[in-house]
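What follows is the residue order along each chain.
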Amino acid sequence: GKGKGKGKGKGKPGSEFEIFVNNLSYEATEKGLRKYFTECGTIDRMHMPTKGEKNQCMGFAWITFKSKEAVQKALDRAYEEYEGRRLKVEKSGQHRNGDAGNSS
């Protein structure tokens, strides 16, 4: 299917190339994660929230790639082991849309 994901009018440009990675260990680093996912393709930008004075990973990150192929390869890594944990990888925004208007 060509031309999918276009014309939604929502989200920032490039967000169709963004993935959400969950179930990271607290020891995970942006550098290590970047190295791991660079094997899928060129990374445009990456955001891994940290907390505390030790800058511990909060367990998730967003990664934006430069191509659809890279996104697909990254999604194929879902449930692969990374630093002893099974990664959850999904297209960014999937988990957020269901929460819209829900104040639970």
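Residues numbered from 1 in each chain as written. Predicted model: local features only at pLDDT ≥ 70, side-chain atom pairs only at ≥ 80, totals over all residues. Heavy atoms only, no water.

With 23 residues, the main nonpolar core has Ile19, Leu24, Leu33, Phe37, Ile63, Phe65 and Leu87 as its most contacted residues. Ranked by residues supplied to this core, first place goes to helix α2 (residues 68–75) with four residues. If we ignore the near neighbours within four places in the chain, the residues touching Phe65 are Phe17, Ile19, Phe37, Cys40, Gly41, Thr42, Ile43, Asp44, Ala70, Val71 and Ala74. (Core = buried A, V, L, I, M, F, W, Y, C linked by side-chain atoms within 4.5 Å. Buried < 20%, exposed > 50% of the residue type's maximum accessible area, 1.4 Å probe, protein only. Helix = DSSP H or I, 4+ residues; strand = E, 2+ residues; numbered from the N terminus. Contact = heavy atoms within 4.5 Å.)

Before going further, it helps to spend a moment on the sheet that holds strand β5 (residues 60–65). The strand order β2-β5-β1-β8 describes an open sheet built from four strands, whose pairing is antiparallel. Of all the strands in the sheet, just β2 (43–47) and β8 (88–91) have a single pairing partner and so form its edges. Direction aside, the axes of adjacent strands within the sheet are offset by 20° on average. Pairing of strand β1 (residues 18–22) with β8, which is carried by four bridges, proceeds in the antiparallel orientation. What sits directly across from Asn22, in β8, is Lys88. (Pairing = 2+ DSSP bridges. Axes fitted to C-alpha atoms, helices over the stretch in contact; angles between N-to-C directions.)

Residues of α2 that are buried: Ala70, Val71, Ala74 and Leu75. For α2, the arc enclosing every buried residue in end-on projection is 135°, short of the 170-degree limit, so these residues lie on one face. If you follow the buried residues of α2, they end up packed against β1, α1 (30–38), β5 and β8. (Arc of directions from axis to C-beta.)

With that settled, the discussion passes to the side chain of Glu18. Secondary-structure assignment places Glu18 in strand β1. One polar contact links Glu18 to Thr64, side chain to side chain, over a distance of 3.4 Å. Side-chain polar atoms of Glu18 contact the side chain of Ser92, separated by 2.8 Å. (Polar contact = N/O pair within 3.5 Å; in protein donor to acceptor, adjacent residues only side chain to side chain.)

Here we come to the confidence of the model for the chain. When pLDDT is averaged across the chain, the result is 84; 76% of the residues are at 70 or more. Between residues 1–11, whose pLDDT stays under 50, and residues either more than four places distant or in other chains, the model counts three contacts. Here residues 97–104 is a poorly scored stretch, pLDDT under 50, and it has zero contacts once near neighbours within four places are set aside; other chains count. (pLDDT = per-residue confidence, 0-100.)

What follows concerns the side chain of Ser92. For Ser92, the position within the fold is in the loop between β8 and α3 (94–97). Not counting chain neighbours up to four residues away, the residues in contact with Ser92 comprise Glu18, Ile19, Phe20 and Trp62.

Another aspect to go through is the pattern of salt bridges. If you walk through the whole model with that rule in mind, you get four salt bridges. Between Lys66 and Asp44 there is a salt bridge, and its shortest N-O distance comes to 3.4 Å. One end of the pair, Lys66, is in the loop between β5 and α2; the other, Asp44, is in strand β2, and 22 residues separate them in sequence. You can call Asp44 partly exposed: its relative accessible area is 38%. Taken together, the shared-partner salt bridges in this structure form one network comprising Asp44, Arg45 and Lys66. (Salt bridge = Lys/Arg side-chain N within 4 Å of Asp/Glu carboxyl O.)

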